[in-house]
Amino acid sequence: DAGVTQSPTHLIKTRGQQVTLRCSPKSGHDTVSWYQQALGQGPQFIFQYYEEEERQRGNFPDRFSGHQFPNYSSELNVNALLLGDSALYLCASSLGTGDPPGELFFGEGSRLTVL
Amino acid sequence: AQSVTQLDSQVPVFEEAPVELRCNYSSSVSVYLFWYVQYPNQGLQLLLKYLSGSTLVKGINGFEAEFNKSQTSFHLRKPSVHISDTAEYFCAVCHRDDKIIFGKGTRLHILP
């Protein structure tokens with residue numbers, strides 16, 4: 001049973017460029033959340049997708065956008081990259097959006113370096 | 001809005017000694033609480049969670065945590081640590097089906 005997989009694992013971009021990160025959720029999961037983890041910090045919530053729609057969003061600018069596909073996989077797009085966008089981007093999948101929330105299963109992340 | 005404070009950024013402890021990692025949360029409503037562990041170069045893994053019921057929660061790898069509503073705390077404990085417990089530990093909180101908010105993490109150093 002494959003867990004959460006993310007690609008690419010590492011990438012380097014320059015300021016002003018755009019990046020797309022990809023995530024395949026754990027088998028059977030239908031909800032995907034994205035987090036940004038800067039060096040030495042905890043994960044910061046970017047947004048969550050369920051049924052191909054953005055369900056919740058954290059305090060991130062519109063440069064950060066996403067998409068969820070019918071097979072539940074997801075993409076995170078960041079436009080006009082800034083040096084401060086350098087971080088580990090974590091994808092987490094879960095089942096449903098009920099109360100209480102389902103357990104988050106995390107991928108190993110995509111490490112983005114912006115030069 | 002909820003928030004989480006992890007009071008110690010790093011905790012050194014000798015192997016086989018007990019450890020407590022502190023977590024306080026801020027919320028005006030009832031919450032769910034979690035502890036996640038992140039081993040080097042890996043994603044986060046759930047250690048344990050408090051949803052309701054008994055305030056003492058047992059998790060994987062011998063860890064436990066106690067929910068204290070009056071002190072708004074959810075400290076993580078282990079009676080005897082092993083070198084393999086070297087990792088970063090994150091406390092997290094959420095309200096109902098809202099987003100899960102993480103603390104800044106506590107790095108646990110196990111000394112031989």
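Residues numbered from 1 in each chain as written. Chains lettered and ligands numbered in written order. Predicted model: local features only at pLDDT ≥ 70, side-chain atom pairs only at ≥ 80, totals over all residues. Heavy atoms only, no water.

K.L.:
What should I look at first to understand the state of the cysteines in this one?
P.N.:
Residue and element names in this part refer to chain A. Per the counting criterion, the structure on display carries 2 disulfides over all chains. Two residues, C23 and C91, share a disulfide whose sulfurs are 1.8 Å apart. Every disulfide takes its handedness from the sign of the S-S torsion; for C23 and C91 that torsion is -60°, giving left-handed. Pair noted here: C23 is in strand β3 (residues 19-24) and C91 is in strand β9 (residues 87-94), with a separation of 68 residues, a long-range link. Of the residues examined, C23 reaches a relative accessible area of 2% and is grouped as buried. Residue class for C91 comes out buried when judged on its relative accessible area of 0%. (Disulfide = S-S within 2.5 Å. Helix = DSSP H or I, 4+ residues; strand = E, 2+ residues; numbered from the N terminus. Buried < 20%, exposed > 50% of the residue type's maximum accessible area, 1.4 Å probe, protein only.)

K.L.:
Just to check I follow, could you spell out the interface of chain A and chain B for this structure?
P.N.:
Where the parts come together, the accessible area they lose is often given as the size of the interface. Across the contact, 21 residues belong to chain A and 20 residues belong to chain B. Between chain A and chain B lies a buried interface of about 1,700 Å² when both sides are counted; carbon and sulfur atoms form 55% of it. Looking only at chain A, the three residues that lose the most surface to chain B are D99, P101 and F106 of chain A, adding up to 26% of its buried area. Taken together, the links from chain A to chain B amount to 0 salt bridges. Scanning the region where chain A abuts chain B turns up 3 residue pairs in polar contact (both at pLDDT 80 or more). Residue assignment for the side of chain A that touches chain B shows that the elements contributing at least two residues are β4 (31-37), β6 (53-57) and β9 of chain A. (Contact = heavy atoms within 4.5 Å. Buried area = accessible area lost by both parts, 1.4 Å probe. Salt bridge = Lys/Arg side-chain N within 4 Å of Asp/Glu carboxyl O. Polar contact = N/O pair within 3.5 Å; in protein donor to acceptor, adjacent residues only side chain to side chain.)

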